[in-house]
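Architecture and fold: a report
Residues per chain are reported as follows:
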Amino acid sequence: MRRYLAGSLAGATAVTFTYPLDLARARMAVTNAEKYKTLLSVFNKIHREEGVKTLYRGFSPTVIGVLPYAGTSFFTYETLKKLHGEYSGKTEPHTLERLLFGACAGLSGQSASYPLDIVRRRMQTAGVSELGSHYSSIWGTLKYVAQSEGVIGGLYKGLSMNWIKGPIAVGISFSTFDTMQLIIRRLIFFYEDS
């Protein structure tokens, strides 16, 4: 439970600080190049035409979605490492094992939270979509997407692509983090001994 909670809080903290950038990226992706030419123009136009609060439109499903995503990812990765140590007798997994554990963590985390990712994207782009009125709340967006596009075809649309990209990215991220942590510990130990 501690691993899950720590991962969830880490994810929520990160998303709180980076969310306006994610919203700007989503807006730039779904509009023509004339509407938003630069990142700064996205922020200026949203501020002038929709208000500052719009920079956090879709934040609720994002933070709600990041809790199971980050929690499940951290929990899965750390649990697999612990089980590996118990069954293999090794104190540290090999780099390839870390990559595999990270990939499993990414796969499970994304699967647990994907419908909220769909909700977030729809809410982020509501201001530039003709269907924007359907995307004003988490529940309303979930309901509209499920009814109009289906649960699998709507709420899980694009998940298979995330199953390719996500596990690779999370595997690399977790194994790099662990490897760097080991290197830093060895360096500190080396300098403390000298």
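Cut-off values and rules
Residues numbered from 1 in each chain as written. Predicted model: local features only at pLDDT ≥ 70, side-chain atom pairs only at ≥ 80, totals over all residues. Heavy atoms only, no water. Axes fitted to C-alpha atoms, helices over the stretch in contact; angles between N-to-C directions. Helix = DSSP H or I, 4+ residues; strand = E, 2+ residues; numbered from the N terminus. Parallel < 35°, antiparallel > 145°, perpendicular 65-115°, else oblique. Left-handed = near helix turned anticlockwise from the far one by under 90°. Polar contact = N/O pair within 3.5 Å; in protein donor to acceptor, adjacent residues only side chain to side chain. Core = buried A, V, L, I, M, F, W, Y, C linked by side-chain atoms within 4.5 Å. Buried < 20%, exposed > 50% of the residue type's maximum accessible area, 1.4 Å probe, protein only. Contact = heavy atoms within 4.5 Å. Salt bridge = Lys/Arg side-chain N within 4 Å of Asp/Glu carboxyl O. Expected span 1.5 Å × (residues − 1). Bend = angle between axes of the 7 residues up to and from the residue. 1 Å grid on protein atoms, 1.4 Å probe; cavity = no way out; pocket = protein on both sides within 12 Å on 5 of 7 lines; lining within 4 Å. Points joined across faces, edges and corners; volume = space filled by probe spheres on them. Nonpolar A, V, L, I, M, F, W, Y, C, P; charged D, E, K, R; others polar. Phe/Tyr/Trp six-rings, centres within 6.5 Å; stacked < 30°, edge-to-face > 60°.

This part is about the packing of helix α1 (residues 2-30) against helix α3 (residues 59-88). Here α1 crosses α3 at 140°, and the two axes come no closer than 7 Å. Here α1 lies oblique to α3, going by the angle between them. For the pair α1 and α3, the sense of crossing is right-handed.

Now for the environment of Q124. Relative to the assigned elements, Q124 resides in helix α4 (residues 95-124). Taking the C-alpha atoms as reference points, Q124 and L21, 103 residues apart in sequence, are found 11 Å from one another. Polar side-chain contacts of Q124 include one of 3.2 Å to the side chain of D22.

Within the largest apolar cluster, 12 residues are counted, these being A12, V15, Y19, L23, A24, Y36, V42, I46, L55, F59, V63 and V66. Contributing elements (two or more residues each) for this core: α1, α2 (39-49) and α3. For this core, the element with the most residues is α1, which contributes 5 residues. Discounting chain neighbours no more than four positions away, the residues touching V15 are F59, T62, V63 and V66. If you look at the next biggest cluster of nonpolar residues, it comprises 10 residues, including Y114, I118, M123 and L142.

The subject of this paragraph is the environment of G166. Mapped onto the elements, G166 comes out in helix α7 (residues 159-193). For G166, a relative accessible area of 5% corresponds to the buried category. Sequence-wise, G166 and S41 are 125 residues apart; in three dimensions their C-alpha atoms are separated by 30 Å.

Our next topic: the pattern of salt bridges. Summed over all chains, the structure comprises 14 salt bridges. Among the ionic pairs, R120 bridges to D117, the shortest N-O distance being 2.0 Å. In this pair, R120 and D117 both sit in helix α4, 3 residues apart, roughly one turn of the helix. The partly exposed category is assigned to D117, whose relative accessible area is 22%. Through salt bridges with shared partners, a single network forms among D22, R25, D117, R120 and R121.

Attention now moves to α1. An α-helix turns once every 3.6 residues. As a result, residues three or four positions apart point the same way. End to end, α1 covers 39 Å across 29 residues, agreeing with the expected 42 Å (1.5 Å per residue, within 8%). At T18, α1 shows its maximal kink, close to 60°; a proline, P20, follows between one and four residues later.

One way to see where empty space is left: roll a probe the size of a water molecule over the atoms. Here the largest pocket defines a volume of roughly 910 Å³. Surrounding the largest pocket, 31 residues form its lining, V66, Y69, Q110, D117 and R120 being those nearest its centre. When contributions to the lining of the largest pocket are tallied by element, the ones reaching two or more residues are α1, α3, α4 and α7. Classifying every residue of the lining of the largest pocket gives 15 nonpolar, 10 polar and 6 charged.

It is worth spelling out the packing of aromatic side chains at this point. Taken as a whole and assessed by the stated rule, the structure comprises 7 aromatic pairs. Centre to centre, the rings of Y19 and F59 are 5.6 Å apart; their planes meet at 80°, and the pair counts as edge-to-face. With a gap of 40 residues between them, Y19 in helix α1 and F59 in helix α3 connect regions that are remote in the sequence. Centroid distance Y135 to Y144: 5.9 Å. Interplanar angle 75°. Geometry classified as edge-to-face.

In this section: the packing of α1 against α2. Between α1 and α2, the least distance of the axes is 10 Å, while the angle of their chain directions is 100°. Between α1 and α2, the interaxial angle falls into the category roughly perpendicular. Contacts between α1 and α2 involve P20, L21, L23, A24, R27 and M28 from the first element and L39, V42, F43 and I46 from the second. Broken down by class, the residue content of the contact of α1 with α2 amounts to 9 nonpolar, no polar and 1 charged.

Taken by themselves, the reported measurements are silent on function.
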